[in-house]
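Read off the chains here:
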Amino acid sequence: TTQAAHTLAFTTADVELSGTDGADPDVGLTTFTAPGGLTFAGDIIGKSGMSGTESLTIETAANNLDITGSIGNAGKAIGTLTINSSGAGTVALAGIGTDSAVGVSGNTAIGNANTATITLDGAEYNTTGSQTYQATAGGNIDVTGTAATIATAGNNITFSTSGVNFKNDGTTTITTGTSGGGDVSFAGAIEADGTSDVLTVISGTGTITFSDVIGKTEELAGLNVNPADTDGSGAIVFAGDIGFADGGGDTAEAGVLGNTVIGNANTTSIDFQGDLYSFGTGTTNIQAATGHTI
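Please read all numbers here as calculations on a predicted model, not as lab measurements.

Asker: Describe the overall build of the protein, and please don't skip the residues or the numbers.
Answerer: In terms of helices and strands, the protein carries 0 helices and 29 strands. Referenced to the eigenvectors of the C-alpha coordinate spread, the extents of the protein come out at roughly 60 × 40 × 25 Å. For the protein, the residues scored as buried account for 50% of the 294 residues in total. Long-range contacts, defined here as pairs at least 24 residues apart, represent 74% of the contacts in the protein between residues at least 6 apart.

Put into structure tokens, the structure is as follows:
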């Protein structure tokens with residue numbers, strides 16, 4: 001813990017957590033409280049060979065957190081991860097785990113309704129448990145890591161309060177697995193900040209919900225929502241629009257410029273609850289299972 005005016009920095013080396021107490025269950029907790037701001041230059045990992053797990057809580061109040069390494073990475077996964085459950089500080093996180101190993105075995109909760117921004121600037125965010133990202137209303141969750149993958153093992157992925165901006169000029173994949181029941185939900189608008197930003201969402205049997213507009217002012221280059229038959233049967237809900245009517249008139253501006261695939265031959269339902277679904281020059285394919293409804 002540091003005083004409010006003081007920053008805390010871990011430079012160059014990784015930070016290894018090993019504080020389990022030997023009790024049953026063998027789970028410890030490390031807490032970093034740095035209201036002046038906190039930086040980690042390396043990875044944050046659990047100690048290799050540790051019999052239990054060590055959970056992690058970080059709080060920086062109104063100031064900034066920057067983790068330039070990965071949590072878990074190739075080391076032992078930590079238990080649960082909680083970052084800035086209160087306060088308005090920014091969060092930049094370069095990764096959780098790898099493409100083949102989870103970095104957090106429990107649930108991950110990053111930010112709160114007052115968090116100024118969350119920036120995911122890495123390639124992998126891989127956990128066993130659920131993931132929740134929350135920032136203040138607006139487009140304040142930024143995905144900038146090239147070909148980023150946000151994945152759980154059949155647990156929920158939630159983007160709360162804030163919209164999400166994709167800024168990596170590549171494909172971002174958000175998946176709860178092809179057989180599990182994890183839901184994926186977006187509370188705010190979905191935008192892009194380039195001409196090549198494609199979003200792919202896969203949920204297995206879980207429901208995918210878009211609660212706001214996709215591409216209201218900055219269009220996606222492509223959209224895939226459970227696009228393959230092997231991606232699962234989860235319901236898909238568009239509570240808001242795709243694109244927008246320019247000036248409230250008859251000119252429909254596309255929310256997705258390129259190809260769009262929504263659903264597959266096993267999808268149980270697709271529900272369009274908004275007023276406008278406007279697509280660009282690419283192909284658009286919408287599919288649900290025989291005997292089910294669009």
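Moving on, there is more to tell.
Asker: Help me get a handle on the sheet that holds strand β6 (residues 53-59), residues and values and all.
Answerer: With parallel pairing, 10 strands are arranged side by side in an open sheet as β3-β6-β8-β10-β13-β16-β19-β22-β24-β28. The open sheet has two free edges, formed respectively by β3 (27-33) and β28 (270-272), since each of these has just one partner strand. Strand-to-strand twist in this sheet, taken as the mean axis angle between neighbours without regard to direction, amounts to 10°. Pairing geometry for β6 and strand β8 (residues 81-83), over 3 bridges, is parallel. Pairing of Ile58 across the sheet is with Ile83, part of β8.

Asker: Which residues make up the packing of aromatic side chains, and what values go with them?
Answerer: Under the defined criterion, the tally for this structure stands at 10 aromatic pairs. Ring geometry for Phe10 and Phe32: centres 5.4 Å apart, planes at 75°, overall edge-to-face. With Phe10 in strand β1 (residues 8-10) and Phe32 in strand β3, the pair connects residues that are 22 residues apart, well separated along the chain. Judged by relative accessible area, which is 11%, Phe32 ranks as buried. Where Phe32 meets Phe40, the ring centres are 5.4 Å apart and the plane angle is 80°; that geometry is what we call edge-to-face. For the pair formed by Phe32 and Phe40, the shared burial category is buried. Members of the aromatic cluster, each reached through a chain of ring pairs, are Tyr133, Phe159, Phe186, Phe210, Phe238, Phe272 and Tyr277.

Asker: Explain the environment of Gly177 residue by residue, including any values.
Answerer: Positionally, Gly177 belongs in the loop between β18 (171-175) and β19 (184-186). Relative accessible area serves as the criterion here: at 22%, Gly177 is assigned to the partly exposed category. The spacing of Gly177 and Gly49 is 128 residues in sequence and 28 Å in space, taken between C-alpha atoms. In this view, Gly177 contacts Thr152, Ile202, Ser203, Gly204 and Asp231; residues no more than four positions away in its chain are not counted.

Asker: Account for unusual backbone geometry, naming residues and giving values.
Answerer: With the exception of glycine, most residues fall at negative phi, and the peptide bonds are largely trans. In this model, Thr161 sits at a positive phi of 70°, which is unusual for a non-glycine residue. For Thr161, the location among the structural elements is in the loop between β16 (157-160) and β17 (164-166). One non-glycine residue with positive phi stands out, namely Asn226, at about 45°. Locating Asn226 in the fold gives a position in the loop between β23 (222-225) and β24 (236-238).

Asker: Could you give an account of the pattern of salt bridges, naming the residues involved and the relevant values?
Answerer: Summed over the entire model, instances satisfying the criterion amount to 1 salt bridge. Between Lys167 and Asp142 there is a salt bridge, with the nearest N and O atoms lying 3.7 Å from each other. In this pair, Lys167 is assigned in the loop between β17 and β18 and Asp142 in strand β14 (residues 141-143), connecting sequence segments 25 residues apart. Judged by relative accessible area, which is 33%, Lys167 ranks as partly exposed.

Asker: Can you break down the side chain of Asn264 residue by residue, with the values?
Answerer: With respect to the helices and strands, Asn264 occurs in the loop between β27 (260-262) and β28. The class for Asn264 is buried, based on a relative accessible area of 0%. Here Asn264 is in contact with Asn226, Pro227, Ala228, Asp229, Asp231, Gly232, Gln287, Ala288 and Ala289, once residues within four sequence places are set aside.

Asker: Outline the sheet that holds β27, listing residues and values.
Answerer: Taken together, 7 strands build an open sheet; the order of strands is β12-β15-β18-β21-β23-β27-β29 and the sheet is parallel. One side of each edge strand has no neighbouring strand; the edge strands of this open sheet are β12 (124-126) and β29 (284-286). Taken pair by pair, the neighbouring strands of this sheet meet at an average axis angle of 5°, ignoring direction. Pairing between β18 and strand β21 (residues 198-202): 5 bridges, direction parallel. From the neighbouring strand, Ile174 faces β21, where its bridge partner is Val201.

Asker: I'd like a rundown of the pairing of strand β13 (residues 131-134), residues and numbers included.
Answerer: When strand β10 (residues 108-111) meets β13, the two strands line up parallel, connected through 4 bridges. Residue pairing in the sheet places Ala109 in a bridge with Thr132 of β13. Taken together, the 4 bridges between β13 and β16 define a ladder with parallel strand orientation. Bridge pairing in β16 places Tyr133 opposite Phe159.

Reading the values: the criteria
- Residues numbered from 1 in each chain as written.
- Predicted model: local features only at pLDDT ≥ 70, side-chain atom pairs only at ≥ 80, totals over all residues.
- Heavy atoms only, no water.
- Helix = DSSP H or I, 4+ residues; strand = E, 2+ residues; numbered from the N terminus.
- Buried < 20%, exposed > 50% of the residue type's maximum accessible area, 1.4 Å probe, protein only.
- Contact = heavy atoms within 4.5 Å.
- Pairing = 2+ DSSP bridges.
- Axes fitted to C-alpha atoms, helices over the stretch in contact; angles between N-to-C directions.
- Phe/Tyr/Trp six-rings, centres within 6.5 Å; stacked < 30°, edge-to-face > 60°.
- Salt bridge = Lys/Arg side-chain N within 4 Å of Asp/Glu carboxyl O.

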